[in-house]
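Reading the structure
So you can see what is in the structure, the chains are spelled out below.
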Amino acid sequence: MSTGLAVVLIVALVATIATVPHYFGVKLPEPDSTVVFSLEDSPQAALWNAAVVVALVIAYTYVALAIVGRGRLFELVMATVWFLGAMAAAWFYALLYYYAGLLHPAAALAALFAAPIVTIPVAFTVLKSGNSPLFGALGALLGAMVAQLFPRTTVLTVLAALAVYDFASVKWGPLNKLIERAVECHCPCEAARSCGRGAQALLPGLLVRLGKRAIGVGDFFAYGMAATFIAVGAAKLGVVTSLAMLAAALAAIYVGIRTTLKWVEAEGAAPALPIPLAMLAPLLIVVWTV
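Residues numbered from 1 in each chain as written. Predicted model: local features only at pLDDT ≥ 70, side-chain atom pairs only at ≥ 80, totals over all residues. Heavy atoms only, no water.

A look at the overall build of the chain
Counting secondary structure elements, the chain contains eleven helices and two strands. Mapped from its N terminus to its C terminus, the chain presents α and β elements in the order α-α-α-α-α-α-α-α-β-β-α-α-α. Across the 290 residues in the chain, those meeting the buried criterion constitute 49%. Restricting to contacts in the chain with at least 6 residues of sequence separation, those with at least 24 account for 74%. Accessible surface, the chain as shown: approximately 13,800 Å² in total, 69% of it carbon and sulfur. (Helix = DSSP H or I, 4+ residues; strand = E, 2+ residues; numbered from the N terminus. Buried < 20%, exposed > 50% of the residue type's maximum accessible area, 1.4 Å probe, protein only. Contact = heavy atoms within 4.5 Å. Areas by Shrake-Rupley, 256 points an atom, 1.4 Å probe, with all protein chains shown as cover.)

As structure tokens, this is what we get:
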């Protein structure tokens, strides 16, 4: 299976899981603005939220850069992060299906209490198979969650900010340094690629290995966020329209990834967000204006 198709299948599954409750008229409680994020649907709030998200991503990347060469510490930190992320996703989607009337109150309550136990294997997966597609799915689920919790203008602004950051960071910033550091720490030779181990095998919980390629978990986050925003936004026009828009979004992601992979072949590395998100831009704007 090609890398592009594998990514699309994961995103399709996640977007479907996130969108189905909206076909049944789900009404989530209105969240309040937090100390960090503003949930007003205004340009000012969107710019602030996007700046906070990018700042958190940068901080997270630099923390990873600081510990990537310190034995098991990196894996333990990533295991903790994914345990908490998986638990948050389990809680959110249990409540989402409950508010849609698709999950019995007793089942929803059981899911909330069971989440900390059920998600423990996710932490162990980091230690045993850190590049599993499971992390791509979880990343996409978290992105889909954000798409449903944040105001629409914020979602578009965050996606645009992530695309710009991804380009700059892969080319000149911390992501590029993180990959180089991972290869240097685990493969200290002049030609790291000749050692038979790429960075995709050295950054458990951050990169997902699909075939011969590796896609960042953050890329799945953005793909899941964008596809869900489109499908959920179009749900108010009917199920058929929503599914058609989702299919169009998945096709755009697939073509964008295929184009990006050609870029990778030409330069050795390339950001995975700018081209797919640029191709999704017309759909995102259409849904935003509905």
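Some remarks on the confidence of the model for the chain
Of the residues in the chain, 89% have a pLDDT of 70 or more, and the chain-wide mean is 86. Contacts of residues 188-201 to residues separated by more than four positions or lying in other chains number 19 contacts, the stretch itself having pLDDT below 50. (pLDDT = per-residue confidence, 0-100.)

Some details on the packing of aromatic side chains
Inspection of the entire model under this criterion finds five aromatic pairs. Ring geometry for phenylalanine 92 against tyrosine 93: centres 4.9 Å apart, planes inclined by 85°, an arrangement best described as edge-to-face. Overall, phenylalanine 92 belongs to the buried group, its relative accessible area being 10%. Ring geometry for phenylalanine 167 and tryptophan 263: centres 6.3 Å apart, planes at 35°, overall tilted. Here phenylalanine 167 is found in helix 7 (residues 152-171), whereas its partner tryptophan 263 is found in helix 10 (residues 239-267), with 96 residues between them in sequence. (Phe/Tyr/Trp six-rings, centres within 6.5 Å; stacked < 30°, edge-to-face > 60°.)

Points about the nonpolar core
Core analysis: the biggest nonpolar cluster contains 83 residues, and Trp82, Tyr93 and Leu280 have the highest contact counts within it. Setting aside chain neighbours within four positions, we find tyrosine 93 in contact with Ile17, Ala18, Leu141, Ala144, Met145 and Gln148. (Core = buried A, V, L, I, M, F, W, Y, C linked by side-chain atoms within 4.5 Å.)

Regarding the layout of surface pockets
Looking at the second largest pocket, its volume works out to about 540 Å³. When contributions to the lining of the second largest pocket are tallied by element, the ones reaching two or more residues are helix 6 (133-149), helix 7 and helix 9 (217-234). (1 Å grid on protein atoms, 1.4 Å probe; cavity = no way out; pocket = protein on both sides within 12 Å on 5 of 7 lines; lining within 4 Å. Points joined across faces, edges and corners; volume = space filled by probe spheres on them.)

A word on a nonpolar patch on the surface
Taken together, the side chains of Ile117, Val118, Ile120 and Phe124 define a hydrophobic patch exposed on the protein surface, amounting to about 410 Å² of accessible area. Elements with a minimum of two residues in the nonpolar patch: helix 4 (105-118) and helix 5 (120-128). Along the chain, valine 118 turns up in helix 4. (Patch = residues over 30% accessible without salt bridge, like charges linked within 9 Å, V, L, I, M, F, W, Y side chains within 5 Å. Salt bridge = Lys/Arg side-chain N within 4 Å of Asp/Glu carboxyl O.)

Section: the side chain of serine 38
Relative to the elements of secondary structure, serine 38 occurs in the loop between helix 1 (3-19) and helix 2 (43-67). At 3.5 Å, the side chain of serine 38 and the backbone nitrogen of glutamate 40 are in polar contact. (Polar contact = N/O pair within 3.5 Å; in protein donor to acceptor, adjacent residues only side chain to side chain.)

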